[in-house]
Amino acid sequence: MIDLLIIGAGPAGLSAAIASARQGLAVRVVDEFYRPGGRLLGQLHEEPDGMWWNGLDEAARLTETAKSLGVEICCGVSVFHLTQSQNGWVVSTTQGEMTVPLLLIATGASEAAVPVPGWTLPGVMSIGAAQVMTNVQRVRVGQRGVVIGVNILSVAISRELQLAGVTVDRMILPPSTTVSGTAGQPEAVMQSLLRVAHLAPSLMIRIGSKLMRSPWMQKLAIALYPSKGFSMWDIPIQLRTTALEIVGTSQVEGVRIARVAADGSPIDGTEQVIPADFVCIAGGLSPLAELAAIAGCPFAYVPSLGGHVPLHNESMRTPVPRLYVAGNITGIESAKVAMAQGTVAGLSIAKARGKLTNEQPLSDAIQQVKIVRQHATIQFHPDIVAGRALVGQMTAEWIAP
Amino acid sequence: MESHPLIICRCEEVTLAELVETAQTYQCTARELKLRTRAGMGCCGGRTCRTMIDQVIQQVTGQAPSHTVPLGYQPPIRPVSFHTLGGHRA
């Protein structure tokens, strides 16, 4: 008999498993992937202090800790339905039904697509798929590719591809269409990159100067107008070039590109086809909240958190009895924030189960989430704190604090 | 211009042009757009195109996104065999 079922063995789910198992709960974690770690598995980047963040090592550390505390981790299991029962939840999985008093949904995020004509050709993949193939499965995605969509995630993953010996010919923008939002507009993309200019020492180039004075930023601002763009780690980032179409008969053979005006409209006479054998499309992340919706949880629409997120309070409790959430399902942030949230959820669930004798660790853990958020290397959106506050207010209408 | 039509819903092969045209004609909700075109009703359950259907409605009709999730989710949220759902193999 288990006390808690956690859906998702990523940074949030595993951290929650550890925190709750330490309080004596019997915990099972299920995950759709064939090994635990979630998005941690793909992550490899250099922190501002010069240390490398190796997600594979973090995933192994969390998995080992959880197992040593008696947590049962079941991989290759998909959850396709949830129903409330009198004393908890009946969870329908590809390995049969599981009955459990308390449930934590830590399903993370899914990649948003930005469609490009020809994107259904074999050889086109999301940037996250390229990351998993490269860093987890060690499969070469191709010889020479083009990344369509310039954002903090796609820049970091392009660097990972390069570290693995895969050539990224260039990074360009998606075509401006009804469904591309601002991802196809050079000025909007530059603005969003400027927000992460503080990452320059780690993610971009090693310079330590202050925000507006940084040569990298000046370079970036100027680079919008000259045609060649700028390079990071020798990967050309062309904010004034758009992908018109991915070309090929039975697989990717190239990308038809054109120069664009500052508003994203193509300039006549600048079209050319560049050869490529793979294409990565990067459209950002949005919370993967389908199970919370099935469970009947109310939502908030918060663009700074990546879209619709299930309502929850600081203890990661939702308005639905016995249902908790943690990690990127609550908003797109870094793995470290997800881990801190997981710890909160684990302690909060232990409390609900009557196993938390001292509540100090829970309030400390809630504080820790804020501290980690403040120091996050990758801040996906400038208005995260305001977005979190809105979710908190909306949740307060459902749950007394 | 494009030799490849821009497909939005791969399962049901619904193009962007078809979605925009339908949204313009009927000035409808995301749900109605889904029902009229079948976009998002294929075997994957709209896992890729759901947000794009929402965006078409926002851009074409000017409807602001609300806190309610526009397109509902129905179980099973993953493609599963009838056997998994409780059927019996012959």
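Residues numbered from 1 in each chain as written. Chains lettered and ligands numbered in written order. Predicted model: local features only at pLDDT ≥ 70, side-chain atom pairs only at ≥ 80, totals over all residues.

1. Some remarks on the overall build of chain B
Point 1. On a plain count of helices and strands, chain B comes out with 3 helices and 2 strands.
Point 2. Starting at the N terminus and ending at the C terminus, chain B contains elements arranged as β-β-α-α-α.
Point 3. The buried share among the 90 residues of chain B stands at 36%.
Point 4. For chain B, the share of sequence-separated contacts (at least 6 apart) that also reach a separation of at least 24 residues comes to 51%. (Helix = DSSP H or I, 4+ residues; strand = E, 2+ residues; numbered from the N terminus. Buried ≥ 20, exposed ≤ 12 C-beta atoms within 10 Å, placed from the backbone. Contact = placed C-beta atoms within 7 Å.)

2. Description of the interface of chain A and chain B
Point 1. Each partner contributes residues to the interface: chain A has 25 residues there, and chain B has 28 residues.
Point 2. Among the elements of the structure, β6 (79-85), α7 (290-294), β20 (299-302) and β21 (307-310) of chain A are those that each provide at least two residues to the side of chain A that touches chain B.
Point 3. Here the side of chain A that touches chain B takes 4 residues from α7(A), the largest share from any one element.
Point 4. Among the residues making up the side of chain A that touches chain B, the classes are represented as 12 nonpolar, 11 polar and 2 charged. (Nonpolar A, V, L, I, M, F, W, Y, C, P; charged D, E, K, R; others polar.)

3. Here's the deal with the packing of helix α1 (residues 16-26) of chain B against helix α2 (residues 30-37) of chain B
Residue and element names in this part refer to chain B.
Point 1. Contact geometry of α1 with α2 gives a least axis separation of 10 Å together with a crossing angle of 120°. Classified by the interaxial angle, the pair formed by α1 and α2 is oblique. Relative to α2, α1 is oriented so that their crossing is right-handed. Contacts between α1 and α2 involve E18, L19, T22, A23 and Y26 from the first element and E32, L33, R36 and T37 from the second.
Point 2. In terms of residue class, the contact of α1 with α2 is built from 4 nonpolar, 2 polar and 3 charged. (Axes fitted to C-alpha atoms, helices over the stretch in contact; angles between N-to-C directions. Parallel < 35°, antiparallel > 145°, perpendicular 65-115°, else oblique. Left-handed = near helix turned anticlockwise from the far one by under 90°.)

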